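# Observations on the model geometry
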Amino acid sequence: PAFRRLGDVRLETLTLSRLGTVHAELNEGKQALGYFQRALPLCRSQVMRRLEGLILHTMGVVYANQGDAQQAIEHYSQALVLHRQNHDERLEALALTTLGRNYERLGDVPKALTYYEQALPMWQSLDDHRGQGWVLSSIGEAQISVGEAPKAVESFRQGLEQWRASKDRRDEANGLYNMGWVHDVLGDLPQALDYYQQALTLLRAEGDQFTGGETLRRICLVQERLGQTEKALDCFGQALTLLKKVEARREQASTLTNIGEAYASLEKNKEAADYYQKALSLHRTVGDPRGEADTLNDLGDLRLRQGRVQDALDYYNQALTRCRSAEYLNGEAITLTNLGAAYLVLGDLTKALDYLNRSLDLVRATGDQLQETVALYQLARAERQAGRLDKAQAEIEQALELTERLRGRVAGSDVRASYLAKVRNRYELLIAILMQRHHEQPSQGFNAKAFEVSERARARGLLDLLSESHMDIRQGLDSALLEREHALQTALNVKAAYRIQLLSGKHTPQQVSDLEREINALTSDYEECEAQIRTASPNYAGLTQPRPLTAKEVQGLLDSDTVLLEYGLNAERSFLWLVTSSSVSSYELRGAAAIESVARRAYAELSTNNQPVQTEATRALGRILLGPVAGQLGKKRLLIVAEGALQYISFSALPTRQGVPLIAQHEVIYLPSASILAALRQEGAGREAPSKSVAVLADPVFDPSDSRVIHTSSRSAPAAPSGLLERSAQDTGLLRLDRLVASRQEANALVALAGKEASFRALDFEATRSTATSPGMSQYRFVHFASHALLNSRHPDLSGIVLSMVDQQGQPQNGFLRLRDIYNLKLNADLVVLSACQTALGKDVRGEGLIGLTRGFMYAGAPRVVASLWRVPDRATAELMKRFYRAMLVENLSPAAALRKSQISMAREKRWTPYHWAGFVLQGEWK
């Protein structure tokens with residue numbers, strides 16, 4: 001008022017501007033805008049262009065903070081014109097950057113990127129590292145939002161470099177977080193974890209509890225996806241504590257939901273429900289109807305699994321209301337599917353079909369193909385329950401066709417992990433429907449079609465294992481073609497994730513149309529690349545683009561003396577297919593849970609010393625698995641394709657009707673799938689025979705306290721395995737890596753049989769990972785590992801072979817030959833032998849530990865693998881191996897016949913029980 005009375009318009013304008021700025025800094029937007037709006041006309045009347053630009057710019061900041069991106073853009077645009085007229089490059093660069101941020105908020109990412117691209121060279125000319133870091137980070141975020149995460153890696157990397165140059169540790173932490181985020185999106189979880197942890201260390205040093213809490217939450221999510229659920233729960237608790245301190249309630253709600261999901265995965269239902277309820281309360285407090293709907297669906301799912309269907313329906317109906325109030329179409333479609341599934345449990349088919357058809361219409365309208373597969377699966381279940389098997393078959397076949405088209409495009413994060421875990425039941429449902437139709441129409445060949453679906457599921461299961469493990473398989477393919485395949489696959493994954501994000505929020509038809517066009521173009525390029533791979537490397541294509549054989553094609557692989565027994569474990573009832581060169585027959589067995597319960601007891605009996613073969617569970621399992629076909633086996637060779645816990649059972653030891661072990665009457669060979677046979681024969685055709693006989697890696701050094709270590713100061717307490725090896729060892733129960741003393745005698749005996757000139761022996765510190773991966777291994781017909789081999793059924797990608805973990809001075813070295821290393825070996829062997837194994841038989845047994853390891857050696861160039869299903873004592877192993885190799889090298893028997901002969905000879909001697917000889921199985925080609 002004093003300035004106004006004095007008629008000093010310039011000072012009045014400056015004071016109004018300063019008052020507006022102070023209120024803006026206090027987050028009092030309404031008052032700030034009031035002062036600015038009074039200052040602007042005065043500013044213009046006095047031609048105070050620099051101040052006018054500053055006022056408009058700050059008004060843009062206020063509108064942006066209020067969530068009004070359109071008004072923010074309008075004011076920033078006016079400010080930009082004035083900054084340019086005033087030649088104020090710093091403010092011009094700032095306005096360009098903030099314009100980009102606000103266009104991004106409106107969903108116009110292409111326009112945002114044009115502003116960022118204008119701003120970046122200005123920040124560079126100003127040599128402003130913080131400004132460059134900010135723009136590069138914004139470019140990376142925009143690239144992720146439109147499904148171009150691979151490009152974002154480079155943008156974030158450059159941004160991190162600039163923030164490091166600015167010497168601001170908070171900025172550096174943001175850059176590290178961004179690097180973690182983009183690798184998280186791309187599915188490279190170990191790399192994501194590393195960057196997140198680096199960011200957290202800096203944030204803790206700076207006392208930034210909010211960003212630290214959110215970073216810690218991301219670490220927890222990665223740990224959970226890596227299977228470290230207990231560790232993740234502890235981590236979530238720490239994150240929650242930090243977020244409570246800074247009153248970040250929306251982030252707290254998300255964390256509480258995450259904790260509930262972790263407890264649900266551990267089947268701790270009470271704890272899960274408690275955390276879901278806490279999350280629900282917070283979602284309501286902060287006014288987040290979408291978060292509320294998601295948590296209500298989680299609660300409904302939990303109650304449905306507990307059999308509390310009415311409670312589940314109540315939660316689902318509440319979720320439906322929230323979805324509709326928030327125009328949350330994807331959430332609405334998920335909820336309608338959940339309601340249909342709940343009414344299906346109640347047997348109310350009319351309501352179930354109504355909800356499921358409405359869900360299907362909605363997901364097709366929004367284009368959410370991922371949810372479409374779920375709706376089709378539930379519809380198939382409903383139609384089967386209604387007795388319309390032809391319609392049920394058509395719907396589940398649609399679901400599977402779409403599933404297999406999508407599974408490579410599911411983003412490498414939470415969505416992918418949960419998606420791959422759920423699709424197995426779709427194959428099981430189709431098998432059950434086909435077998436039911438076979439029961440009604442036995443002459444129509446539905447059982448042969450069911451067998452083909454079983455083979456298809458096994459082929460896809462192996463591919464999922466490779467995908468989940470982020471397996472980098474390079475062997476046998478031109479690197480440029482492989483890089484192109486990986487780049488296109490990654491681009492499709494990220495575009496699919498962006499599609500889900502786009503459809504779940506506000507979007508225009510043009511945005512969806514543009515995205516579909518991009519996805520279709522990428523798909524076309526990817527299919528072309530796959531075709532080139534099939535031509536250039538049939539071996540690699542056979543692994544990564546599997547084509548399961550038809551029943552007739554499998555029959556063509558068998559001779560008249562060979563019978564294939566394939567087991568499919570389904571929840572309701574399981575199936576056994578008996579395939580010969582001239583017929584396919586099928587049999588119904590008990591449900592998966594009942595069979596696996598007996599199998600675990602039989603495994604415990606067989607893998608325990610001093611147990612005779614005729615034990616209660618072993619006899620029971622023999623009756624279940626072999627009883628239905630006992631009269632058709634004669635004395636033929638048996639090819640066993642098992643599943644789940646059955647993959648760790650020694651069929652050779654199961655008693656026949658005559659009370660003798662199966663091995664006494666049959667040669668027994670195991671296969672990951674029947675279709676593998678064709679691939680093995682194709683790979684082996686025309687291959688030159690190895691020039692040398694046996695390569696043995698034995699008696700490695702695991703610990704610095706080993707007496708073989710030269711540096712005596714290192715001989716302290718035994719060192720525990722670290723990192724990934726430690727995780728796998730814990731999973732498989734191998735808590736201590738004991739020295740395998742008898743493996744040395746085993747190696748010496750094999751070399752003596754083969755002759756020194758034709759053999760290679762790596763003992764002690766020479767039994768290393770680098771030895772195993774050296775090109776020279778391709779010269780040997782038999783490659784023999786006498787060391788601990790981990791068959792991990794909980795985390796199959798952590799299966800592998802443990803070689804020397806320390807050098808001669810006791811210094812640690814990488815001695816874990818992991819599954820991914822095995823797939824990249826270059827072997828030319830007839831046989832790989834793993835003569836000491838430790839098996840994980842946890843509650844949830846998928847069996848891919850054995851499948852992954854044996855298939856890895858097959859891909860690396862060995863058509864057959866011998867492995868032990870349990871830890872056999874050194875002395876018995878050495879004795880069996882001596883007999884086995886004598887039969888092959890001296891008597892010239894095939895590996896399958898040699899293994900059978902050696903096992904029968906030990907079974908006839910009273911000092912040996914099935915525990916000593918039955919654990920060794922041969923996987924792969926029998927010829």
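The structure presented is a predicted model; accordingly, all values stated were derived computationally and were not measured. (Residues numbered from 1 in each chain as written. Predicted model: local features only at pLDDT ≥ 70, side-chain atom pairs only at ≥ 80, totals over all residues. Heavy atoms only, no water.)

## What to know about the overall build of the protein
- When you go through the protein residue by residue, the secondary structure sums to 39 helices and 15 strands.
- Per-residue burial for the protein yields a buried fraction of 57% across its 927 residues.
- Taking contacts inside the protein between residues at least 6 apart in sequence as the whole, the part at least 24 apart equals 68%.
- When the accessible surface of the protein is split by element, carbon and sulfur atoms take 48% of a total near 38200 Å². (Helix = DSSP H or I, 4+ residues; strand = E, 2+ residues; numbered from the N terminus. Buried < 20%, exposed > 50% of the residue type's maximum accessible area, 1.4 Å probe, protein only. Contact = heavy atoms within 4.5 Å. Areas by Shrake-Rupley, 256 points an atom, 1.4 Å probe, with all protein chains shown as cover.)

## Quick notes on the confidence of the model for the protein
- Model confidence for the protein is summarised by a mean pLDDT of 86, while 88% of its residues fall at 70 or above.
- Ranking the helices and strands of the protein by mean pLDDT puts strand S2 (residues 574-579) first, with 97, and helix H22 (residues 414-422) last, with 50.
- Of the regions scoring below 50 in pLDDT, residues 713-722 engages in 19 contacts with residues more than four places distant in sequence or in other chains. (pLDDT = per-residue confidence, 0-100.)

## Regarding the nonpolar core
- Within the largest apolar cluster, 160 residues are counted, with the highest numbers of intra-cluster contacts made by Phe651, Phe785, Leu834 and Phe857.
- Residues contacting Phe651, with those up to four places away along its chain left out, are Tyr567, Leu625, Ile640, Ala642, Leu646, Leu662, Val668 and Tyr670.
- Judged by nonpolar contacts, the second largest core, of 50 residues, contains Ala173, Met179, Ala192 and Leu202. (Core = buried A, V, L, I, M, F, W, Y, C linked by side-chain atoms within 4.5 Å.)

## Digging into the pattern of salt bridges
- Applying the stated criterion to the full structure yields 46 salt bridges.
- The residue Arg308 makes a salt bridge to Asp311 at a minimum N-O spacing of 2.9 Å.
- Taking relative accessible area as the criterion, Arg308 reaches 39% and is therefore assigned partly exposed.
- For Asp311, a relative accessible area of 33% corresponds to the partly exposed category.
- The residue Arg573 makes a salt bridge to Glu588 at a minimum N-O spacing of 3.4 Å. Linking Arg573 in the loop between strand S1 (562-568) and S2 with Glu588 in strand S3 (residues 584-589), this pair joins segments that are 15 residues apart in sequence. (Salt bridge = Lys/Arg side-chain N within 4 Å of Asp/Glu carboxyl O.)

## What to know about helix H20 (residues 369-385)
- The terminal C-alpha atoms of H20 lie 24 Å apart, and with 17 residues this matches the ideal 24 Å at 1.5 Å per residue to within 8%.
- The buried count for H20 comes to 13 of 17 residues, which makes it a mostly enclosed element.
- Just beyond H20, the residue with positive phi is Gly387, at close to 90°. (Expected span 1.5 Å × (residues − 1).)

## Focus on the packing of H20 against helix H23 (residues 424-440)
- Direction vectors running N to C along H20 and H23 enclose 25°, while the axes themselves pass 11 Å from each other. Classed by the angle they form, the pair H20 and H23 counts as roughly parallel. The two elements H20 and H23 meet at a crossing, and its hand is left-handed. Residue-level inspection shows Thr373, Val374, Tyr377, Ala380, Arg381 and Arg384 of H20 in contact with H23, the latter providing Asn425, Arg426, Leu429, Ala432, Ile433 and Gln436.
- Each residue belonging to the contact of H20 with H23 can be placed in one class, and the counts come to 6 nonpolar, 3 polar and 3 charged. (Axes fitted to C-alpha atoms, helices over the stretch in contact; angles between N-to-C directions. Parallel < 35°, antiparallel > 145°, perpendicular 65-115°, else oblique. Left-handed = near helix turned anticlockwise from the far one by under 90°. Nonpolar A, V, L, I, M, F, W, Y, C, P; charged D, E, K, R; others polar.)

## Side note on the pairing of S3
- The buried fraction of S3 is high, at 5 of 6 residues.
- As defined by bridge partners, S2 adjoins S3 across 6 bridges and the pair is classed as antiparallel. In the strand pairing of S3, Val579 is matched with Val584.
- Once S2 ends, the chain turns through 4 residues before running back antiparallel as S3. (Pairing = 2+ DSSP bridges.)

## Here's the deal with the packing of helix H17 (residues 309-325) against helix H18 (residues 329-346)
- One can describe the packing of H17 onto H18 by two numbers: an axis separation of 9 Å at closest approach and a directional angle of 160°. Taken together, H17 and H18 sit at an angle that is classed as roughly antiparallel. Both H17 and H18 take part in a crossing whose hand is left-handed. Across from Val309, Gln310, Leu313, Tyr316, Asn317, Ala319, Leu320, Cys323 and Arg324 in H17, the residues of H18 making contact are Gly331, Glu332, Thr335, Leu336, Asn338, Leu339, Ala342, Tyr343, Val345 and Leu346.
- Its residues assigned to classes, the contact of H17 with H18 comprises 12 nonpolar, 5 polar and 2 charged.

## Side note on unusual backbone geometry
- With phi around 50°, Asp699 is a residue other than glycine that occupies positive phi space.
- Locating Asp699 in the fold gives a position in strand S6 (residues 692-700).
- Positive phi outside glycine occurs at Asp764, with the angle close to 55°.

## Describing helix H33 (residues 742-754)
- When the terminal C-alpha atoms of H33 are compared, their 19 Å separation across 13 residues agrees well with the 18 Å that a helix rising 1.5 Å per residue should span.
- Residues of H33 that are buried include every one of Ala742, Ser743, Glu746, Ala747, Leu750, Val751 and Ala754, and no others.
- Where H33 ends, the next residue or the one after it, Gly755, has phi of about 95°, a positive value.

## Topic: the pairing of S2
- For S2, a buried count of 6 out of 6 residues is recorded, marking the element as mostly surrounded by other parts of the structure.
- Here S2 shows no split at all, with Ser574, Leu576 and Leu578 on one side and Phe575, Trp577 and Val579 on the other all buried.
- As paired elements, S1 and S2 share 5 bridges and run antiparallel to each other. Looking at S2, one finds that Gly568 is bridged to Phe575.
- As consecutive antiparallel partners, S1 and S2 are separated by 5 residues.

## Describing the packing of aromatic side chains
- Enumeration according to the criterion identifies 15 aromatic pairs in this entry.
- Note on Phe651 and Tyr670: the rings are 6.2 Å apart at their centroids and 65° apart in plane angle, and the pair reads as edge-to-face. Taken together, the positions of Phe651 in the loop between strand S4 (637-641) and strand S5 (668-670) and Tyr670 in strand S5 put the pair 19 residues apart, joining distant regions of the chain. Accessibility classification places Phe651 together with Tyr670 in one group, the buried group.
- The interplanar angle of 35° and the centroid separation of 6.0 Å between the aromatic rings of Tyr823 and Tyr859 together place this pair among those described as tilted. With a gap of 36 residues between them, Tyr823 in helix H35 (residues 819-823) and Tyr859 in helix H36 (residues 848-860) connect regions that are remote in the sequence. Summarising the burial analysis for this pair, Tyr823 and Tyr859 share the class buried.
- Grouping aromatic residues by their ring pairs yields a cluster made of Phe451, Phe575 and Trp577.
- When the ring centre of Trp926 is taken as reference, the NZ or CZ atom of Arg681 above it lies at 5.0 Å. (Phe/Tyr/Trp six-rings, centres within 6.5 Å; stacked < 30°, edge-to-face > 60°. Lys NZ or Arg CZ within 6 Å of the ring centre and 35° of its normal.)

## Side note on empty space enclosed by the protein
- Tallied over the entire structure, the rule returns 4 cavities of 30 Å³ or more.
- Surrounding the largest cavity, Ile640, Ala642, Leu646, Gln647, Tyr670, Leu671, Pro672, Leu850, Ile851 and Gln923 form its lining. (1 Å grid on protein atoms, 1.4 Å probe; cavity = no way out; pocket = protein on both sides within 12 Å on 5 of 7 lines; lining within 4 Å. Points joined across faces, edges and corners; volume = space filled by probe spheres on them.)

## Structural notes on the state of the cysteines
- Counted by the stated rule, this structure contains 1 disulfide.
- Paired by a disulfide, Cys220 and Cys235 hold their sulfur atoms 2.4 Å apart. Torsion about the S-S bond of the Cys220 and Cys235 cystine: about -85°, corresponding to left-handed handedness. In this pair, Cys220 is assigned in helix H12 (residues 209-225) and Cys235 in helix H13 (residues 229-245), connecting sequence segments 15 residues apart. (Disulfide = S-S within 2.5 Å.)

## What to know about a nonpolar patch on the surface
- Together, Phe3, Leu6, Leu11 and Leu14 make up a nonpolar patch on the protein surface, roughly 360 Å² of accessible area in all.
- Residue assignment for the nonpolar patch shows that the elements contributing at least two residues are helix H1 (2-6) and helix H2 (9-25).
- Mapping Leu11 onto the fold places it in helix H2. (Patch = residues over 30% accessible without salt bridge, like charges linked within 9 Å, V, L, I, M, F, W, Y side chains within 5 Å.)

## Observations regarding the environment of Ala293
- Relative to the helices and strands, Ala293 is located in helix H16 (residues 289-305).
- In sequence terms Ala293 and Gly331 are 38 residues apart; their C-alpha atoms lie 7.2 Å from each other.

## Some words on the environment of Gly445
- Secondary-structure assignment places Gly445 in the loop between H23 and helix H24 (446-468).
- The spatial distance from the C-alpha of Gly445 to the C-alpha of Leu434 is 9.2 Å, given a sequence separation of 11 residues.

## A closer look at the side chain of Glu925
- Here Glu925 lies in the segment after strand S15 (920-924).
- Judged by its relative accessible area of 7%, Glu925 falls in the buried class.
- With near-sequence residues (within four places) excluded, Glu925 lies in contact with Leu677, Leu680, Arg681, Pro863 and Arg864.

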